[in-house]
Amino acid sequence: MKVIYVIGLPGTGKTTLMKRFMEQYDWTSNRPIDLLDSHVSGNIRVLGKYEVGETYAGTDRLSMAVSPKAIEYIQTRPNEVIIGEGDRLNSKTFFSACGEDLTIIHLEVGDETRERRYKERGSNQSDKFIQTVRTKVSNVLDMFGPRVTLFGSEEGCVHSFKHETEEDTEKIIKFLKNLLTY
């Protein structure tokens, strides 16, 4: 099993990136286990709900109780590439359960871009919610990103990308597609 998960603050383009990635494949909607909606194309499974016209998609459209079900599911899928994005499964607990073949894609944008995107989509997320996500992202970066240990430096499994332009989106999709092969 290979898990690829996209994290970042609201407005960094996680859902936009995933929708653009998904345009390149034919998908079948699927619910392999209670609460875990997904889309499948061959051995690729995208977690979450992606419906036309929805501002918030991906794992953010899943039940608040989905995390234990998602962990149960991923631990039984040796030949799947599982991809997700959003805040719902963005946690140290979920990522720790993913094992060794985990890649976390961390999206970053400037404050001006993020604020513009909030306005464009009519975001009504509270400052408290955004700060909570900021803390979760920071905790994941600390635990799974690069770090220096007594034995030298460890690379970690986090890859950070600036996500401001169409060119940035294409670069990240290319990186993501390169991860799809075993």
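The rules behind these values
Residues numbered from 1 in each chain as written. Predicted model: local features only at pLDDT ≥ 70, side-chain atom pairs only at ≥ 80, totals over all residues. Heavy atoms only, no water. Helix = DSSP H or I, 4+ residues; strand = E, 2+ residues; numbered from the N terminus. Buried < 20%, exposed > 50% of the residue type's maximum accessible area, 1.4 Å probe, protein only. Lys, Arg positive; Asp, Glu negative; His and termini not counted. Salt bridge = Lys/Arg side-chain N within 4 Å of Asp/Glu carboxyl O. Polar contact = N/O pair within 3.5 Å; in protein donor to acceptor, adjacent residues only side chain to side chain. Contact = heavy atoms within 4.5 Å. Expected span 1.5 Å × (residues − 1). Arc of directions from axis to C-beta.

Caption draft 1: Summary view of the side chain of Lys14. In this structure, Lys14 sits in helix H1 (residues 14-22). For the buried Lys14, which has no salt bridge, the nearest side chain bearing the opposite charge is Glu85, at an N-O separation of 5.5 Å. A distance of 3.0 Å separates a polar side-chain atom of Lys14 from the backbone oxygen of Gly8. In this structure the side chain of Lys14 is engaged in a polar contact, spanning 3.0 Å, whose partner is the backbone oxygen of Leu9. When neighbours within four sequence positions are excluded, Lys14 is seen to be in contact with Val6, Ile7, Gly8, Leu9, Glu85, Gly86 and Leu107.

Caption draft 2: Quick peek at helix H5 (residues 127-144). The end-to-end C-alpha distance of H5 is 26 Å, a good match for the 26 Å that 18 residues give at a rise of 1.5 Å each. Of the residues making up H5, those classed as buried are Ile130, Val133, Val137, Val140 and Phe144. Seen from one end, H5 has its buried residues packed into an arc of 85°, which puts them on one side. Opposite its buried face, H5 presents the exposed residues Asp127, Lys128 and Asp142, each directed more than 90 degrees away. As for H5, its buried residues are in contact with strand E1 (2-7), helix H3 (92-97), strand E6 (102-108), helix H4 (111-121), strand E7 (147-149) and strand E9 (158-162).

These figures capture arrangement, not role.
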